[in-house]
Amino acid sequence: MNVAKHLISDHVEGDLPPPGEPIALRIDQTLTQDATGTLVMLTLEALGLERTQAELSAQYIDHNLIQEDHRNPDDHLFLLSAARRYGLHCAPPGHGVSHPLHQRYFGRPGATLLGSDSHTPAAGALGMLAIGAGGLDVAMAIAGEPYQTVMPEIWGVRLTGELPPGCSAKDAILEMLRRHGVDGGNGRIVEYHGPGLESLSAMDRHVMANMGTELGAVTSVFPSDGEVRRFLESEGRGADWVEIVAAQDATYDHEEELDLSAIEPMIATPSSPGNVVPVRDVAGEEIYQAYIGSSANPGFRDFAVAARIVEGRRVPPQVSLDINPSSRDLVADLSRSGHLFALLEAGARLHQAGCNGCIGMGQAPASGRNSLRTVPRNFPGRSGTSEDAVFLCSPETAAASALAGRITDPRDLDWDGIGAVEVPEPTRTPDAFERPLPLEKAREVELVKGPNIASLPDFDALPDAMELPILLVAEDDISTDGIMPAGAEVLPFRSNIPRIADFVFRDVDPEYVARAKAARSEGDGHAVIGGRNYGQGSSREHAALAPRHLGLRAVAAQSIARIHRTNLINYGIVPLTFEEGAAGPGGRRDAVLALSNLAAAVAGTGALSARIDGEEVAMRLDLSEPEAEILAAGGRVNRFRDRQARRAG
Ligand code: MIC
C-alpha cells in the first residue's frame, strides 16, 4: 500500500472503493482559523453542541489582525469564548499562522485533520491526512460526524536528487504547478516518495504540501520517516512519532518523476499560481515589494536564508522588504540567532506574526508596481490593490530581488559566501494556547458576541422547479477570491453575512449585487454560469453563503472545484455541470435557466430538465446520497434540524 491509502483505510469502514466512489472519513483533529471560524462556531451554537467530539480541535486567530475598529477584536473574543465553551485549544492573535503552529504543536503522523482553510494539507508533511473543507463540514466533524467525500486517485511523485544552491522547496512545488496548472491535481492526492526525500526537512515538506492546494489536489502526503521523527523530537513530541512509509512494491494511479537536482528558481507571474516560468525569463523587471512569510514559507530556514542574503547590505529606498513572521516563537528564534538584526539593518519592515498581506490584510502594493511574495496565491486583487501584479517565488528569489530592486535569479548570488543555514532548537510556548476547560467549567461559559456578529440566515428547501435569470457569466478558473473578495475592507464582515454579501463578485462585475437584490425583491432567485474550475482556491464558505443570501439557487459550469462544490450544496445551491459537448455558457447573461423535475433528479430517480431560454441544455447533477439529502433540504443546517425534529417527533 502507498501512504495515502494506508491513511484512508485506517479511517473508513470496510474496503477502499475505486476512485470516485463515496467514502466517509473519520476525523481525528480539526483546525479552524478566525476568518472562517466564526461561522463554524455559530454553527456549533445552532447545532446545540456540548463539546468537540474530535480527539483534538484547535482554533487559531491569524487572519483578521488589523484592528481598525471593534469588529475584528470582537471576533477574536467571540472565538476565545467559543473555544472555552466547546473544548478547543485556541491560539490568540499574535501567536502565529495556523498551519505551521499546528504542525509544530499538534500534528500527529497517521491522524486525519479537517480544516476550514484550503491550506490545511500543509500538515501532510508529517504523514497525516490533512484536508481543507468548508466551515460547515468542519463544524460537523467537530460534532463527531465523518467527512463525506469521494475516494481520490493517488498520484505518486518520485523525488530524486537534491536541490541545487539558490533553490528551495518552493521552486519544486512551483515546478509542479508549471507542469500541471491549477487544476492538474483535481480528484487526486499527491504522494511524494523516493530518495530525494532525504534532503527535504519537515518544514520543506510543509511548503510543498501547503501549495499542493494550488494544484487543486485533495491533499498532499509525505511519509512519516526518520526526518519526521527528528522534527517531532525537536518539538519535544517524539512520543507522537510512528513510522508510516509506502511498501517497497507500492503502486499509484498516476506516476511521475521530479529530479530535484534539475530544478531552477521558478516564479508564478500575475495573476495565477499556475502561470509559472523560470525566474530568468522575467529577470530584470523592476519591483516595488519583496514579501517574506505566510503558510507557504513559514520555516526558520525561509527567513534565515533571506537574512543571510541581505546581511550587511541595504535594500534601495523604493523597495518595501516586508517580513511577516509565521509565529511569535519564530521571532524569538530569529532574534536570538541575529537574523532579525540582519534583516532590520538591511531595511526590512517587520510585521506582526500572522497571515497579514497574504490575504490582503495590509501591505497592499503600489499601483502598477510588481510585488514578489513567498505566499501561496496571487489571484487578481487579492493583495488589496486592484489590477495588482503579484509574483509568487522562493525566499531566495524575493531577497535577491529586494537587494537589486529588480527580479533577480538567486543563483547569481555567491552561495559559498552565504553558506548553509543552521536551524536552532525551536522556542516552544505551549502555554500561549488557551487550553480546553473541563466540561463542568466549559458548560458555564457564555459566548461573547459583539454587535457585528449576526446569526446565520435561514434558507428554504429546494423547490421542484425554478425559473432563474442568469445574472453573471464567469470565465474559467474564477477563484473564491473573485466570488467573495478578501482584504482589510471586507474581512471584518466574515461574521455578518448580510453585510459581506454587498461585496460578492465586486472585482468581476460590480453591478451583480444590485441585479441580485432587484431579482430578490421580486421574489426571484437567480443563477450564475461558470467556466472550468469554478470556485478554485480558498475554502471560504462565504463564497457560497453570501451569494445564496442574495438569491443564488444554481451554478452551472464546465467544472466546479471540490471544496466550493461542497460549500454550494451545504447552502442549498444546485451545482450543475455542462454535459461534454453541450452548448457552452457564452454570452447568455439575462437569459433564463429553467430547471424542473428537481426533486426526482436530486434523489436520483428521474432526469433533470434544464433549459436556457427555452432551449434544452444537457447538464449533469451528480450527487452522493448525503449530498442529495442536504440539497433537497435547502442546506446542511436544515437537514440537521429536519433530522432532529424527526427524532424528537
Ligand atoms: C486563503 O489563503 O485564501 C485563506 C485566506 O487562508 C483561505 C481561507 C479564508 O478565505 O478565510 C483558505 O485558504 O481557505
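Refer to the preceding data block for the structure.
(A) Quick peek at the overall build of the chain. When helices and strands are counted, the chain shows 23 helices and 26 strands. Expected size for 649 residues packed as a compact globule is a radius of gyration near 26 Å; at 24 Å, the chain falls within 12% of this value. The principal-axis extent of the C-alpha atoms belonging to the chain is close to 70 × 55 × 55 Å. When each of the 649 residues of the chain is scored for burial, the buried share is 63%. Pairs at least 24 residues apart make up 78% of the contacts formed inside the chain by residues separated by at least 6 positions. For the chain, the accessible area works out to roughly 22900 Å², and carbon and sulfur atoms hold 46% of it. In the chain, 58 side chains carry a positive charge and 89 a negative one; their mean positions are 4 Å apart.

(B) Spatial organisation of the sheet that holds strand 4 (residues 89-91). Sheet architecture is open: 5 strands sit in the order 4-3-2-5-6, paired in parallel fashion. Single-partner strands in this sheet number two, and they are strand 4 and strand 6 (129-132). Sheet twist, expressed as the mean angle between neighbouring strand axes with direction ignored, is 20°. In the sheet, strand 3 (residues 56-60) pairs with strand 4 via 3 bridges, with the strands oriented parallel. Paired with Ala58 across the strands is His89, a residue of strand 4. Where helix 2 (residues 34-47) meets the sheet, its contacts fall on strand 2 (29-33) and strand 3, and the angle it forms with strand 2 comes to roughly 115°.

(C) Local environment of the nonpolar core. The biggest cluster of nonpolar side chains holds 79 residues, and the ones touching the most others in it are Leu25, Met41, Val504, Tyr512 and Tyr534. Dropping the residues within four chain positions of it, Leu25 is found in contact with Ile8, His11, Val12, Leu129, Ile131, Pro146, Tyr147 and Thr149. By size, the runner-up hydrophobic cluster in this structure holds 36 residues, among which are Val279, Val305, Leu340 and Phe391.

(D) Representation of the site of the ligand within the structure. Close contacts around the ligand come from 14 residues, with Asp117, Ser118, Arg377, Ser539 and Arg540 the closest. Contact distances for the ligand include 3.5 Å between an oxygen atom and a side-chain N or O atom of His119. Here the shell around the ligand is built from residues that sort into 2 nonpolar, 7 polar and 5 charged.

Reading guide: rules and limits
- Residues numbered from 1 in each chain as written.
- Predicted model: local features only at pLDDT ≥ 70, side-chain atom pairs only at ≥ 80, totals over all residues.
- Heavy atoms only, no water.
- Helix = DSSP H or I, 4+ residues; strand = E, 2+ residues; numbered from the N terminus.
- Rg over C-alpha atoms; globule rule 2.2 N^0.38 Å.
- Buried < 20%, exposed > 50% of the residue type's maximum accessible area, 1.4 Å probe, protein only.
- Contact = heavy atoms within 4.5 Å.
- Areas by Shrake-Rupley, 256 points an atom, 1.4 Å probe, with all protein chains shown as cover.
- Lys, Arg positive; Asp, Glu negative; His and termini not counted.
- Charge placed at Lys NZ, Arg CZ, Asp CG, Glu CD.
- Pairing = 2+ DSSP bridges.
- Axes fitted to C-alpha atoms, helices over the stretch in contact; angles between N-to-C directions.
- Core = buried A, V, L, I, M, F, W, Y, C linked by side-chain atoms within 4.5 Å.
- Near = heavy atom within 4 Å.
- Polar contact = N/O pair within 3.5 Å; in protein donor to acceptor, adjacent residues only side chain to side chain.
- Nonpolar A, V, L, I, M, F, W, Y, C, P; charged D, E, K, R; others polar.

These figures capture arrangement, not role.
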